[in-house]
Amino acid sequence: MMARVTVLYFASLRDAAGVASESVQSDAGSLRGFYAELRERHGFALPVERLRVAVGGAFASWDDALREGSEIAFIPPVSGG
């Protein structure tokens, strides 16, 4: 089932996508599958194992279903300084 969601990008993902956020329509069954679609589209270097995912401001599981209207954030590792 198609779902339209808002995606927020941070750090290297934002640089690769060229935008801080975008509205995307997808029929991916899970957040993991959705990231795979976006990784192919934007050429993200980071594998899913290096990221955290949040939906609606709360950390989520990669196996959670993609839901219509969600705000999804992919959060890469942050280096301290």
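For the structure itself, consult the block above.
Residues numbered from 1 in each chain as written. Predicted model: local features only at pLDDT ≥ 70, side-chain atom pairs only at ≥ 80, totals over all residues. Heavy atoms only, no water.

Caption draft 1: The overall build of the protein chain, seen in detail. Within the protein chain one finds two helices and five strands. Listing each helix as α and each strand as β along the protein chain from the N terminus yields β-α-β-α-β-β-β. Taking the principal axes of the C-alpha coordinates as reference, the protein chain spans close to 40 × 25 × 20 Å. Burial status across the protein chain gives 36% buried among its 81 residues. Long-range contacts, defined here as pairs at least 24 residues apart, represent 52% of the contacts in the protein chain between residues at least 6 apart. As displayed, the protein chain offers around 4700 Å² of accessible surface, 50% of which is attributable to carbon and sulfur atoms. (Helix = DSSP H or I, 4+ residues; strand = E, 2+ residues; numbered from the N terminus. Buried < 20%, exposed > 50% of the residue type's maximum accessible area, 1.4 Å probe, protein only. Contact = heavy atoms within 4.5 Å. Areas by Shrake-Rupley, 256 points an atom, 1.4 Å probe, with all protein chains shown as cover.)

Caption draft 2: Focus on the environment of His 42. Its location among the elements puts His 42 in helix α2 (residues 31-42). With a relative accessible area of 18%, His 42 lands in the buried category. Sequence separation between His 42 and Asp 15 is 27 residues; the distance between their C-alpha atoms is 9.8 Å. For His 42, the residues in contact, after removing those within four places along its chain, are Tyr 9, Ala 16, Ala 17 and Glu 22.

Caption draft 3: Spatial organisation of the nonpolar core. Counting residues in hydrophobic clusters, the biggest one holds 21 residues, and the most contacted among them are Phe 34, Tyr 35 and Phe 74. Within the residue set of this core, elements represented by two or more residues are β1 (3-9), α1 (11-17), α2 and β5 (71-75). (Core = buried A, V, L, I, M, F, W, Y, C linked by side-chain atoms within 4.5 Å.)

Caption draft 4: Quick look at the pattern of salt bridges. Under the criterion given, the structure shown has two salt bridges. For the salt bridge of Arg 41 with Glu 22, the shortest nitrogen-to-oxygen distance reads 3.9 Å. Remark: Glu 22 occurs in strand β2 (residues 21-26) and Arg 41 occurs in helix α2; sequence separation between them is 19 residues. Given a relative accessible area of 18%, Glu 22 falls into the buried group. Residue Arg 32 is joined to Asp 63 by a salt bridge in which the shortest nitrogen-to-oxygen separation is 3.6 Å. Remark: Asp 63 occurs in the loop between β4 (58-59) and β5 and Arg 32 occurs in helix α2; sequence separation between them is 31 residues. (Salt bridge = Lys/Arg side-chain N within 4 Å of Asp/Glu carboxyl O.)

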